[in-house]
Amino acid sequence: MTGVHAADLGYILWLFAVSLGASALGGMLGMASGIFIVPILTMFGHLDIHVAIGASIVSVIACSCGGAAPFLRARLTNIRLAVVLETATTLGALSGVLLSGLIPVPVLFFIFAVVLLLSAQQMLARRADPIASLAAHAPHASSWGASLRLDSSYPDRALGRDVDYRVQRVPLGLALMVGAGLISALLGIGSGVLKIPAMDTALRLPIKVSSATSNFMIGVTATASAGAYFLRGEIVAAIAGPVALGSVVGAVLGARVLTRVSGDKLRVLFVVVLTVLAVQMLLEAFGVHLGGAAA
């Protein structure tokens, strides 16, 4: 079936369009596009779940690379913070691999859905906080943020000036990143969906900085997994090729939208996505399967 699909120009164009749309949304939100791509490829593309996950991992790497340059030029990505947080996420992912199989999957889906709903509620609660006052309400001296030199600024087009921000509650943020990596490894999903709320609510980062920094991080995480999928033969070039190409184009489009859209609109869109994913996880927890897990 894979060979027939690969020879079908219409199917290739469909793969390109799906990956473009998913990566544009994922790149704009700082999430791994696999959380959208894998269910679509398995339900509508009739692909084996492992092949779909292999293609989604390639798409995540392409999405991260495609969106990295615009985000860096726009000074939205906090690279120093990304490196610090990625160490915690990796630790959580390794722990998740060791714990896999010990916790019933339906329980994990239910816990994940609850976490997503709580994250959505927390992000909605922060809508009233004006962007301009983020730095003003931050502590004058965050020992971790100051000592690691994590505080920075980003240009806000709506305000027409640079906005300074302080990275707060770093230990809490690191703990949440360990949890994000743990859950992502146990469920086989991208941890970006949990990284954004963690950076937004715990570290008190502007939503655009959270999205851009998460986009930078997910590429590092996916690259570590790509080798294993390649060696197992689960990255099929005929499938991953158009998916990767569409992901690059979609990531660039998503990055451009992110630099132009207001923080409030981006926050509302992310809350909607969190709620939809939470409903999907609840259905999975009760045995209603809508598609495979995303990478």
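Small disclaimer: the values here were computed from a predicted structure and weren't measured. Residue positions are given per chain, counted from 1 along the sequence in the order it is written. Local features in this predicted model are restricted to residues of pLDDT 70 or higher, and side-chain atom pairs are both shown and tallied only at a pLDDT of 80 or more, whereas totals for entire chains, interfaces and linings draw on every residue. Remark: hydrogens and water are excluded; side-chain values derive from all non-hydrogen atoms of the structure.

Caption draft 1: Molecular detail of the nonpolar core. Each nonpolar core is a collection of buried residues, namely Ala, Val, Leu, Ile, Met, Phe, Trp, Tyr and Cys, held together in the definition by side-chain atoms within 4.5 Å. Burial classes: relative accessible area under 20% of the type maximum marks a residue as buried, over 50% as exposed, and values in between as partly exposed (1.4 Å probe, protein chains only). In terms of nonpolar packing, the biggest core is built from 72 residues, with Met31, Leu85, Leu116, Val167, Val193 and Leu205 touching the most fellow members. Helix and strand assignments come from DSSP, with helices taken as H or I runs of at least 4 residues and strands as E runs of at least 2, each series counted from the N terminus. With 9 residues, the single largest contributor to this core is helix H13 (residues 263–285). We call two residues contacting when some pair of their heavy atoms lies within 4.5 Å. In contact with Val193, other than residues within four places in its own chain, are Met31, Ile35, Phe112, Leu116, Phe270, Leu274 and Leu277.

Caption draft 2: Structural context of helix H10 (residues 192–201). Most of H10 sits inside the fold, with 10 of its 10 residues counted as buried. Those residues of H10 lying buried are Gly192, Val193, Leu194, Lys195, Ile196, Pro197, Ala198, Met199, Asp200 and Thr201.

Caption draft 3: Quick peek at the pattern of salt bridges. Salt-bridge detection follows one rule: a side-chain nitrogen of Lys or Arg within 4 Å of a carboxyl oxygen of Asp or Glu. Throughout the structure, instances matching the rule amount to 2 salt bridges. Measuring nitrogen to oxygen at the nearest pair gives 3.6 Å for the salt bridge that ties Lys195 to Glu86. Of the two residues, Lys195 sits in helix H10 while Glu86 sits in helix H5 (residues 79–99), which places them 109 residues apart along the sequence.

Caption draft 4: Expanded view of a nonpolar patch on the surface. Together, Leu99, Leu102, Ile103, Val107, Phe110, Ile111, Val114, Leu118 and Phe286 make up an exposed nonpolar region whose accessible area comes to about 820 Å². Broken down by element, the nonpolar patch gets its largest block of residues, 5 residues, from helix H6 (residues 105–125). Summarising the element assignment, Ile111 is placed in helix H6. Of the residues examined, Ile111 reaches a relative accessible area of 41% and is grouped as partly exposed. Patch members must show over 30% relative accessible area and no salt bridge, and they are joined within 9 Å when carrying like charges or within 5 Å when they are nonpolar side chains of Val, Leu, Ile, Met, Phe, Trp or Tyr. For every accessible area listed, the method is Shrake-Rupley and the probe measures 1.4 Å; residues are considered covered only by the protein chains on display.

Caption draft 5: Examining the packing of aromatic side chains more closely. Only Phe, Tyr and Trp rings take part, Trp by its six-membered ring, and two of them pair if their centres are within 6.5 Å. Stacked means planes under 30 degrees apart, edge-to-face means over 60, and tilted covers everything else. By the definition in use, this model includes 2 aromatic pairs. Centroid distance Tyr11 to Trp14: 5.7 Å. Interplanar angle 25°. Geometry classified as stacked. With a gap of 3 residues between them, Tyr11 and Trp14 both fall in helix H2 (residues 9–29), about one helical turn apart. Taking the relative accessible area as the measure of exposure, Tyr11 reaches 9% and is therefore buried. For the pair Tyr154 and Tyr165, a centre-to-centre distance of 6.4 Å together with 55° between the ring planes defines the contact as tilted. Taken together, the positions of Tyr154 in strand E1 (residues 152–156) and Tyr165 in strand E2 (residues 161–165) put the pair 11 residues apart, joining distant regions of the chain.

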